[in-house]
Amino acid sequence: MPYIQDENSKPVGSYPNTGIEVLIVGTGLAGLTAAIECVRKGHNVRVLERNDDINTAGDMYFMGLSATRFFKHWPEMAKEFHDISLHNCWIETFKHDGSPMIEPKKVSDRLRDAGLDPNTPPGTFQMRPLIYKMYVNQVQKLGVKIQFGKKVVDYYEDAARGKAGCITDQGEKHEADVVIAADGVGSKSQKLVGGQVRAMKSGRAMWRAAFPIEHLDKDPKVKEFFRMQKGETGDEPIVRTWLGPGTYGMTLTRPDTMIWIMNHDVTGSEKESWSNTIPSEEVLANMDKGVGPQPWSSMYKDLIKLTPPNTIVNFELFWRNPQPKWASPEGRVVNIGDAAHSFLPASGNGATQAIEDAICLASCLQIGGRDKIPQSVRAHVRMRFIRNACAQKLGFSNAELLQDTDWTKVKLDPRRAQPKLPSWIFNHDPEQYAYDVYDKVVESMEKGVKLEDMCDEGSGIPPNYPPGYKYEPWKIEDVMEDMRAGRPVVLAPGNWD
């Protein structure tokens, strides 16, 4: 497995017990990663989840290389990840109306064409249910205590006692030395953290569906069109991207599963919930709205018709302006994942950055120890904020590529029909970075160095964001105004590629 290295592996038991009591709220990727990594780093972990079980539903998402490097410490997870990953995968590109634009090519060849190492992909598409099953298995093996049915409605901290906590809707109080709020865009921790802007409705949503591939047997033409790709090992998985005006779609054909997703304007039935299912008739009635004179491909519509009932999720998309206050005033409550920063699906970065957050925070707490928890929390935020702000903005640039594709340029350069996956993202190692720069980051805080100046030349702190970039505050509203006016998304100076 070329993308997971075994050198310097430090499995559970490698670190002494820190005595730090960690309470994690939420069992998304950020929360689950924080749980297992905090255990590995020697912290004592408890988890609260508002639902009655961990939600393993869903379809697919992109997991970047920077979010999987830590598997070297978890050999069983590394093996399982390898087993469930797509190997020998292909990719093909169409206009939304079904016109073929880029013929099927192996992902490795597309990477090579983009100047990347085909043996070290920047990440892989993964099945959400399989990834969550992998995480749940590891959490259970570690014996991490998860209390279900605990809906957190408020957070607090007590500097005098060196404690933080949360309150559930039943009036229960749960306390620890540090509380990690990994409970999504609507986290109630924002009230305590201060300065957090509320998540805003984006006006966009995603139709998403995953179902057994046997359902395609009902229509031989659809089955033939969405077949797997003939390759060196036989039938191999294939991703098909569909790009149109103000929209994009994607399908993935696996040996046992068919997946399709589509970005669209809100219709009124969308919710931020994996259980918010709608009938296929609603999709078919709305999918051609706003795409111009050319309707969506009839073959894609026929695929939607074959989708079994209670399968299509209409998932609402939110966004939040980037701002650097992810921690409470006393540094005892900290947001990670979507609770700190939300991403557009086009960014291919939501899952990646959530996992990176968890890895970095667990490491910082271990480095600083129980007596310096607030310092470690603030250092973590300082390491993570600009990187995430850049990745968020990159998501808008990628959305522009997918939703307003210049097909005349794509014919000359197929890279213009695929999201940017820059090396400053996938080459990053959030754990190693924390150990390399922790002391210097703390020193910069003590000296009062501004966040945007922290990585200036001579600081000894290499940037984990685009080389040459200097952070300036920006607002999503301004970016969206530019996009609506047909102006390109300006990523600012620096090497974003």
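The structure this text deals with has already been given above.
Just so it is clear, the model here is predicted, and its values are computed rather than measured.

## Remarks on the overall build of the protein chain
Across its full length, the protein chain carries 14 helices and 20 strands. Projected onto the principal axes, the alpha-carbon positions of the protein chain cover approximately 65 × 50 × 45 Å. Going through the 497 residues of the protein chain one by one, you find that 56% of them count as buried. In the protein chain, of all internal contacts separated by at least 6 residues, the share reaching a separation of at least 24 is 76%. Just so you have it, the protein chain exposes about 20800 Å², and 49% of that area is on carbon and sulfur atoms. The centroid of the 61 positive side-chain charges in the protein chain is displaced by 1 Å from the centroid of its 66 negative side-chain charges.

## Considerations on the state of the cysteines
Tallied over the entire structure, the rule returns zero disulfides. We note that Cys166 lacks a disulfide partner, and the nearest cysteine sulfur, in Cys38, lies 15 Å from it. A disulfide-free cysteine, Cys360 has its sulfur positioned 4.0 Å from the sulfur of Cys364, the nearest such atom.

## A short note on unusual backbone geometry
In this structure, Asn310 takes a positive phi of about 60° despite not being glycine. Residue placement: Asn310 occurs in the loop between α8 (298-305) and β19 (312-319). Overall, the relative accessible area of 69% leaves Asn310 in the exposed class.

## Some words on the packing of aromatic side chains
One pass over the full model with this rule turns up 17 aromatic pairs. On the basis of an interplanar angle of 80° and a centroid distance of 6.2 Å, the ring pair of Trp260 and Tyr300 is categorised as edge-to-face. Placement of Trp260 in strand β17 (residues 257-265) and of Tyr300 in helix α8 is noted, with a sequence separation of 40 residues between them. Trp260 gets classed as buried once you look at its relative accessible area, which sits at 0%. Taking the relative accessible area as the measure of exposure, Tyr300 reaches 0% and is therefore buried.

## Some words on the packing of helix α9 (residues 350-368) against helix α13 (residues 430-446)
It is the contact of α9 with α13, at a shortest axis distance of 8 Å, that shows an interaxial angle of 35°. Taken as a pair, α9 and α13 cross one another with a handedness that is right-handed. Along the contact surface, α9 presents Glu356, Ile359, Cys360, Ser363, Cys364, Gln366, Ile367 and Gly368, while α13 presents Pro430, Glu431, Ala434, Tyr435 and Tyr438.

## Concerning the pattern of salt bridges
The tally for this structure, following the rule as stated, stands at 25 salt bridges. Across the salt bridge formed by Lys301 and Asp288, the nearest N and O atoms sit 2.6 Å from each other. Taken together, the positions of Lys301 in helix α8 and Asp288 in the loop between α7 (280-286) and α8 put the pair 13 residues apart, joining distant regions of the chain. Exposure remark for Lys301: the relative accessible area of 19% places this residue in the buried category. One salt bridge in this structure joins Lys305 and Asp302, with 3.6 Å as the shortest N-O distance. Within this pair, Lys305 and its partner Asp302 are both found in helix α8, separated by three residues, close to a single helical turn.

Calculation notes
Throughout, residues of each chain are indexed from 1 in the direction in which the sequence is written. A pLDDT threshold of at least 70 governs which residues receive local features in this predicted model, and a stricter bar of 80 or more applies before side-chain atom pairs are shown or counted, although totals over entire chains, interfaces and linings include all residues. Based on all heavy atoms of the structure, the side-chain values leave hydrogens and waters out of the count. Put simply, DSSP H or I for four residues or longer makes a helix, DSSP E for two residues or longer makes a strand, and each gets a number counted from the N terminus. Only protein chains enter the accessibility calculation, which uses a 1.4 Å probe. A residue is then buried if its area is under 20% of the maximum for its type, exposed if over 50%, and partly exposed in between. The criterion used for residue contact is that any of the two residues' heavy atoms lie within 4.5 Å. All accessible areas in this document rest on Shrake-Rupley with a 1.4 Å probe, and a residue is counted as covered only by the protein chains that are shown. Here Asp and Glu are counted as negative and Lys and Arg as positive; His is not counted, and neither are the chain ends. A charged residue contributes its charge at one atom only: NZ of Lys, CZ of Arg, CG of Asp or CD of Glu. A pair of sulfur atoms, both from cysteines and within 2.5 Å, is called a disulfide here. What counts as a ring pair is set by centres within 6.5 Å for rings of Phe, Tyr and Trp (its six-membered ring), and what kind of pair is set by the plane angle: stacked under 30 degrees, edge-to-face over 60, tilted for all other angles. Orientation is described by axes fitted as lines to C-alpha atoms, over the contacting stretch for helices, and by angles from 0 to 180 degrees between their N-to-C directions. When the near helix sits turned anticlockwise from the far one by under a right angle, the crossing is termed left-handed; a clockwise turn instead gives a right-handed crossing. When a carboxyl oxygen of Asp or Glu lies within 4 Å of a side-chain nitrogen of Lys or Arg, that pair is called a salt bridge.

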